[in-house]
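The residues making up each chain are set out below.
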Amino acid sequence: MSSLVRHLPVIILFCLFANTLTAQRGGGGVKWSKDGKSYYSIENNALVRYDLPAFQRVVVVDAGQMPQAVQSFSFSDDEKKLLFFTNTKRVWRFNTRGDYWVFDIPTHALKQLGAGRPASSLMFAKISPDGTKAAYTSEHNVYMEDLATGAITPLTTDGTQRLINGTFDWAYEEEFSCRDGFRWSPDSKSIAYWQLDATKVKNFLMINNTDSLYPFTIPVEYPVAGEDPSPCRVGVVDLASGKTTWMAVPGDSRQHYIPRMEWAANSSELVLEQLNRKQNDAKIFICNAATGAATPIYEETDSAWIDVKQRYSDDPTGWEWMKDGKDFLWVSEKDGWRHLFRISRDGKKETLLTKGNYDLISLKAIDEKGGYAYFMASPDNATQQYLYRVRLDGKGNLELVSPATRKGTHNYNISPNALYATHNFSNHLYESVSEWVSLPKHTTIKTNDQGGRRGNGRPQYPVKMFQVTTDDGVTMDGWMILPKDFDSTKKYPVLFLVYTEPAATTVRDAAGAAGTSLYAGDIAADGYIQISLDGRGTPAPKGAAWRKCIYRKIGIINIRDQAMAAKKILQWPFVDSGRIAVHGWSGGGSATLNLLFQYPDIYKTGISIAPVADELLYDNIYQERYMGLPQENRDDFVKGSPLYYAKNLRGNLLIVHGTGDDNVHYKGTEELINELVKYDRKFQIMVYPNRTHAIREGEGTSLHLSHLFTDYLREHCPGGGR
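If you look the chain up in an unreviewed UniProt entry, it shows as Peptidase S9 from Puia dinghuensis.

Attention now goes to the UniProt feature "domain: Peptidase S9 prolyl oligopeptidase catalytic" (unreviewed entry) in the chain. Under the feature "domain: Peptidase S9 prolyl oligopeptidase catalytic" (unreviewed entry), the UniProt entry names residues 524–716. Along residues 524–716 the backbone is 40% helical and 18% strand, and the end-to-end C-alpha distance reaches 17 Å.

Our next topic: the pairing of strand β11 (residues 133–138). The buried fraction of β11 is high, at six of six residues. Residues Lys133, Ala135 and Thr137 of β11 are buried on one face, and the alternating residues Ala134, Tyr136 and Ser138, pointing to the opposite face, are buried as well. Where strand β10 (residues 122–127) and β11 come together, four bridges link them in antiparallel fashion. By the bridge assignment for β11, Leu122 is matched with Ser138. Linking β10 to β11, which pair antiparallel, is a turn of five residues; within it Gly131 sits at a positive phi near 80 degrees. By the bridge criterion, six bridges tie β11 to strand β12 (residues 141–146) in an arrangement that is antiparallel. Looking at β12, one finds that Thr137 is bridged to Val142.

Here we come to the pattern of salt bridges. In this structure the tally under the stated criterion is 46 salt bridges. The salt bridge partner of Lys278 is Glu632, with a shortest N-O separation of 2.6 Å. One end of the pair, Lys278, is in the loop between β22 (269–276) and β23 (281–288); the other, Glu632, is in helix α6 (residues 630–640), with 354 residues separating them in the sequence. Residue classification places Glu632 among the exposed residues on the basis of a relative accessible area of 52%. Residues Arg560 and Asp472 are paired through a salt bridge, measuring 2.8 Å at the closest nitrogen-oxygen approach. One end of the pair, Arg560, is in helix α3 (residues 557–569); the other, Asp472, is in the loop between β37 (463–469) and β38 (475–481), with 88 residues separating them in the sequence. The class of Asp472 is partly exposed, set by a relative accessible area of 36%. Among the charged side chains, a salt-bridge network with shared partners connects Asp302, Glu333, Asp359, Arg547 and Lys548.

Another aspect to go through is the packing of aromatic side chains. As enumerated under the stated definition, the model contains 38 aromatic pairs in all. Consider the rings of Phe168 and Tyr172, whose centres lie 5.5 Å apart with planes at 15 degrees: the pair is stacked. Residue Tyr172 is classed as buried on the basis of its relative accessible area of 1%. Taking the centre distance of 6.2 Å and the plane angle of 70 degrees together, the rings of Tyr298 and Trp330 count as edge-to-face. Residue Tyr298 is found in strand β24 (residues 294–301), and its partner Trp330 is found in strand β26 (residues 327–332); the two are separated by 32 residues along the sequence.

Criteria and cut-off values
Residues numbered from 1 in each chain as written. Predicted model: local features only at pLDDT ≥ 70, side-chain atom pairs only at ≥ 80, totals over all residues. Heavy atoms only, no water. UniProt positions renumbered as here; feature names shortened; annotations may be inferred. Helix = DSSP H or I, 4+ residues; strand = E, 2+ residues; numbered from the N terminus. Buried < 20%, exposed > 50% of the residue type's maximum accessible area, 1.4 Å probe, protein only. Pairing = 2+ DSSP bridges. Salt bridge = Lys/Arg side-chain N within 4 Å of Asp/Glu carboxyl O. Phe/Tyr/Trp six-rings, centres within 6.5 Å; stacked < 30°, edge-to-face > 60°.

Below you can see the structure in the form of structure tokens.
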């Protein structure tokens, strides 16, 4: 369900460039120069550099010298060589497999890496720090290639589909955002890499009935809740000898995770984070690369769970070292808020940097030379976010960097050393700005967009941000769009959008964040009130207690919050309590089912897309993080699952699922069908053959789903004032 964010309303972030390709994964962001004074972009298949603040354009590699269809690129440390990534193929969520080309800038020589390897089989190629070699994974092994001679050396040879070197299995990728699984040492003499053993992880079989005369199964190694994860270890291979030394991390490798590993600011030691199976105990080890000896330097525990870096960083890789490796930065919620700490290398001294009752939302940049950390936060309004900075020595006060007059959601891509940044701003009033700024004064150096009212191509109606306090004393943020030509003397139907789980919020003060993207037509003109609310358990910046009170209570607390808020809304004089509908996708699909089943007196119609009907069927990393281990508290899983309450269905229900969903498997929906049939509950179902969790593959699929959604809503919860 961690990938379900794609199914929430899209927040409009306006493009910085026209007809350009940038260098970060997925095509977003900016590829900065090492000194932070320039950025690179691909325009018309040529690589160009823009020098700031004048935006002077320099062609680095012209179109005739570039490979075709470059998806991303990176530089060697000396910025004299380039790696181009082309012919890419999808691995689960992203195109991380393809072909790599090395371009030597001084000589203009272009050479493909991995000669003899299968096409589009290379992953995560990186040039060594000294610029003489490259390394990559291919078919679950790690290889090194000499850039002068082209000689290829396999550094591992035991890789298979289930013994994975240098990258990760399905669960690590999905839930920890771990994909790139090896690191060059700073002296270019060795490589550290992860190895995962998924040989004992059971297959979840998906069946393909349509693409051949006889059906066939598609196996996915998928550890459900309660099943052991893939054993994981970290090794360092010495390039001269080819010998791998395994880090002696203590404990049973089948009962812990290693979600982070980097070189420890030198070439002789690694630093890594170990999480226990429940993910409520995190230990940091310094490991001797030559001997494998692992020394614990820091430990943190939590009564619920501990988030890993990908929950608060744009880049889940890297370790924020300071003072040449004497200190590092660490994010923790141990004092009740998500705060930034500075910790000494031996773990004995720590300094709280972000003092106060507010959450760090995401860490954006570290300017050690200037002495500041830059991050997103919103101390006064959980639906907004702003750029702040604090001193790295722990002294001084919190400083707002974003313009105080622009109330809403700010986003930044900050250059190294925090010299410049791209800045995008918008709010629910459709006010927007897209610009380049210099920091820390936030001075505009170029405007890409003049602001004004912008949207997502649909008719724009006023969005109201509001709060509702339930009888339980819980105050929830929400957005609302009233029908076109709203008449307060009439009663209208309400369509609630829900998600409710720890992976995402639905309420943001940003342009395009409110609305019903699946509806085919003008839903406001058709007379619907649209509402979404964020309750407890969602990752809003309201403190750890808000987020973590849902521990072992997914399907209970989050569902009650939504229902209690809806009860308050049903008291509004213009709401028709007989026409209340709810919809959601993935975790939102689960919430839709639970609301319809647990509170049938409130919700009359539900559209549930790709739901988790049985929490025991979802993957162990996600489900055990928030619910514990089924071996210890199975009853929580059972009573948090929609399956448990299915017999209570009284309203109208449409279930939508793809049989090729590798994330939330169709099996759960078939179990739910059986339960509904057992109790003679009437419902409708739409099954999309071989579609994934996104239900977007195949000609006509997206349009069909939109029309299905719209027609069902109109039939069972008709719009208009009465």
